[in-house]
Amino acid sequence: VPPGHPRFFNQLFSGLDHHALAGRFLTETLNTSPYTYEVAPVLVLMEEQVLAKLRELVGWSSGDGIFAPGGSMSNMLAMNVARFRRFPESRSRGNWDLPRLGLFASQESHYSILKGAALLGIGTDNVHLVRTDERGKMIPEELEKEIQRVKAEGSEPLFVCATSGTTVLGAFDPLDAIADVCARHGLWLHVDAAWGGSALLSPRLRHLLAGIHRADSVTWNPHKLLMVGLQCSAFLLHDSSVGAPHPEFMLLGCLPGPLINFGAPCSSQGLLQRCHGVGASYLFQRDKFYDVSLDTGDKSPQCGRRADGLKLWILWKAVGTRGLAQRVERAFSATRYLLEQVKRREGFQLVMEPEFINLCFWFIPPSLRGQENSPEFWDKLGKVAPAIKEKMIRRGSMMVGYQPQGSHVNFFRQIITNPAVTRQDLDFFLDEIQELGWDL
């Protein structure tokens, strides 16, 4: 069952939008990179327009951004920019004489925070996972305690990642309260809204992200709930400031040609450019005939980049903001329908009431019903979801994810993003689990 099939419920992406697909055909045909205006002029302008619109939905009237190859890389960009903003010398001198840094994220945060700490040389031991409540939301009071503890140990708190739409439970951290903590301690607040960011399009659902405008940076993946197609991940930055002259520019100047210093970008650029740019003179010449700020590729650690903004631009123009909002709301409503069916059927047990589009539940086979007080019950139940999934994959009937979480044994996590999913598909989904698990 491929991701485009209406019975694919396995990941946070599925379905196929023909408008976005047309954009993907175009980018493959053009085979260009939006790192310079001269080789991808229209694509660069489209990317800037789409990023500006996404920032507007976050609640910012200014800022910066770049499309990155996935939400993990967008989160890592946030970590790198946060470190550079606090310690600009880290760009040239590395971590050699920086204090021991402290990063904070919830126990339900995406694993890319740990990966980013390893990649950036900060170290996974310096990622502090903050306790969550029973709904999977970060507890702001626990964040405060962790920050105080890290300070007492002699480390330097730097960065907090809040999550809007956790991967398993679909939880939304309380952003306003977390922003208050960050403001007290002068910490960078990043919001990983890779999954839940698209709720900002819906007047009915954007309250889930209340306070996101107070973030310093945001990750948002339109390739998930908006069905733009892999990959389309936006890294959004609130800061649009221009940096002070770098000492290296005083010596060499910000000049085109071989005199340019590959260790430092032109200081007249924004934070993303100052953090990542090296001003390669064969690509980012400063004496071009057009506004060289349109050569946006140096803001990214990548050189070659896909023109991921085009497919989102085409989709947005085709269906409009209201059309995108309806897509999000339809997925939300379909989840509520499935929720009611789960509650009515014998043998299905919710892990918790869903806040968003993540519906988490166990299927209890007849052989285990009424044995909830048995010491072996949960151990046996934890083996049910893997066995059912093996059967469905061998049959080729559908696909859905499962996982353990905290003290909970393996349970199913059902996700609806594909507009092609009907109520008949959802009824089939439950029927199929019942049939495959009946004799376990």
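Residues numbered from 1 in each chain as written. Predicted model: local features only at pLDDT ≥ 70, side-chain atom pairs only at ≥ 80, totals over all residues. Heavy atoms only, no water.

Per an unreviewed UniProt entry, the protein carries the name CSAD decarboxylase and comes from Quiscalus mexicanus. Recorded under Subunit (unreviewed entry), the UniProt text for the protein is reproduced unchanged: "Homodimer." Comment text from UniProt for the protein, heading Cofactor (unreviewed entry), reads "pyridoxal 5'-phosphate". (UniProt positions renumbered as here; feature names shortened; annotations may be inferred.)

Caption draft 1: Broad picture of the packing of helix α3 (residues 71-86) against helix α5 (residues 112-119). Viewed as axis vectors pointing N to C, α3 and α5 meet at an angle of 55°, and their least axial separation amounts to 9 Å. Taken together, the axis directions place α3 and α5 in an arrangement best described as oblique. As α3 runs across α5, the sense of the crossing is right-handed. Contacts between α3 and α5 involve Ser72, Asn75, Met76 and Met79 on the former and, on the latter, Ser112, Ile113, Lys115, Gly116, Ala117 and Leu119. A breakdown of the residues in the contact of α3 with α5 according to their chemical character gives 5 nonpolar, 4 polar and 1 charged. (Axes fitted to C-alpha atoms, helices over the stretch in contact; angles between N-to-C directions. Helix = DSSP H or I, 4+ residues; strand = E, 2+ residues; numbered from the N terminus. Parallel < 35°, antiparallel > 145°, perpendicular 65-115°, else oblique. Left-handed = near helix turned anticlockwise from the far one by under 90°. Contact = heavy atoms within 4.5 Å. Nonpolar A, V, L, I, M, F, W, Y, C, P; charged D, E, K, R; others polar.)

Caption draft 2: Seen up close, the environment of Glu56. Structurally, Glu56 is set in helix α2 (residues 41-58). Remark: the alpha-carbon pair of Glu56 and Asn418, spanning 362 residues in sequence, is separated by 26 Å. Of note is the side chain of Glu56, whose polar atom sits 3.2 Å from the side chain of Lys53. (Polar contact = N/O pair within 3.5 Å; in protein donor to acceptor, adjacent residues only side chain to side chain.)

Caption draft 3: Up close: the pattern of salt bridges. Within the structure shown, the criterion is met by 31 salt bridges. Two residues, Lys288 and Glu38, come together in a salt bridge whose shortest N-O distance is 3.4 Å. In this pair, Lys288 is assigned in the loop between α9 (271-276) and α10 (308-344) and Glu38 in the loop between α1 (18-30) and α2, connecting sequence segments 250 residues apart. We note a salt bridge from Glu47 to Arg305, for which the minimum N-O separation is 3.0 Å. Here the residue Glu47 occupies a position in helix α2, and Arg305 occupies one in the loop between α9 and α10, the gap between them amounting to 258 residues. Here the two residues Glu47 and Arg305 agree in accessibility, since each one is buried. It is possible to trace a salt-bridge network through shared partners that takes in Glu28, Arg306, Asp308 and Lys311. (Salt bridge = Lys/Arg side-chain N within 4 Å of Asp/Glu carboxyl O. Buried < 20%, exposed > 50% of the residue type's maximum accessible area, 1.4 Å probe, protein only.)

Caption draft 4: Inspection of the environment of Leu143 at higher detail. Here Leu143 lies in helix α6 (residues 140-152). Among the residues examined, Leu143 registers a relative accessible area of 0% and is labelled buried. Distance in space between the C-alpha atoms of Leu143 and Leu129 is 8.8 Å, their sequence separation being 14 residues. Apart from residues lying up to four places away in sequence, Leu143 is in contact with Phe104, Val130, Met138, Val160, Ile178 and Val181.

Caption draft 5: Structural context of the nonpolar core. Formed by 91 residues in total, the largest nonpolar core has its most connected members in Leu143, Ile212, Val218, Leu236, Phe356, Phe429 and Ile433. Among the elements that line this core, the one with the most residues is α10, at 13 residues. Formed jointly, this core draws a minimum of three residues from each of two domains, domain 1 (33-306) and domain 2 (312-437). If we skip the residues at most four places from it in the chain, Phe429 touches Phe9, Leu338, Phe361, Met398, Val400 and Gln414. Residues Ile66, Phe87, Phe159 and Trp188 belong to the second largest nonpolar core, which totals 27 residues. (Core = buried A, V, L, I, M, F, W, Y, C linked by side-chain atoms within 4.5 Å. Domains from an automatic or database assignment.)

Caption draft 6: Main features of the packing of aromatic side chains. The tally for this structure, following the rule as stated, stands at 13 aromatic pairs. For the ring pair Phe361 and Phe429, a centre distance of 6.1 Å and an interplane angle of 90° mean the geometry is edge-to-face. Of the two residues, Phe361 sits in strand β10 (residues 358-363) while Phe429 sits in helix α13 (residues 423-437), which places them 68 residues apart along the sequence. Take Phe361 and Phe429: they sit in the same class, and that class is buried. Relative to Phe411, the ring of Trp362 has its centre 6.1 Å away and its plane inclined at 80°; by these criteria the two rings are edge-to-face. Here Phe411 lies in strand β12 (residues 408-415) and Trp362 lies in strand β10, a separation of 49 residues in the sequence. Residue Phe411 is classed as buried on the basis of its relative accessible area, which comes to 0%. Among the aromatic residues, ring-to-ring pairing joins Phe9, Phe348, Phe361, Phe363, Phe412 and Phe429 into one connected group. Taking NZ or CZ as reference, Arg7 lies 3.8 Å from the ring centre of Phe428, over its face. For the cation-ring pair, Arg336 lies above Phe332, with the distance from its terminal atom to the ring centre recorded as 3.9 Å. (Phe/Tyr/Trp six-rings, centres within 6.5 Å; stacked < 30°, edge-to-face > 60°. Lys NZ or Arg CZ within 6 Å of the ring centre and 35° of its normal.)

Caption draft 7: Representation of the pairing of strand β11 (residues 399-405) within the structure. For β11, the tally of buried residues reaches 5 of 7 residues, placing the bulk of the element in the interior. The pairing of strand β1 (residues 8-9) with β11 spans 2 bridges and is classified as parallel. By the bridge assignment, Phe8 is partnered in β11 with Met399. Judged from the 4 bridges that link them, β11 and β12 form a sheet pairing that is antiparallel. When the sheet's bridge partners are listed, Tyr402 is paired in β12 with Phe412. Between β11 and β12, which pair antiparallel and follow one another directly, the connecting turn spans 2 residues, one of which, Gly406, has a positive phi of 60°. (Pairing = 2+ DSSP bridges.)

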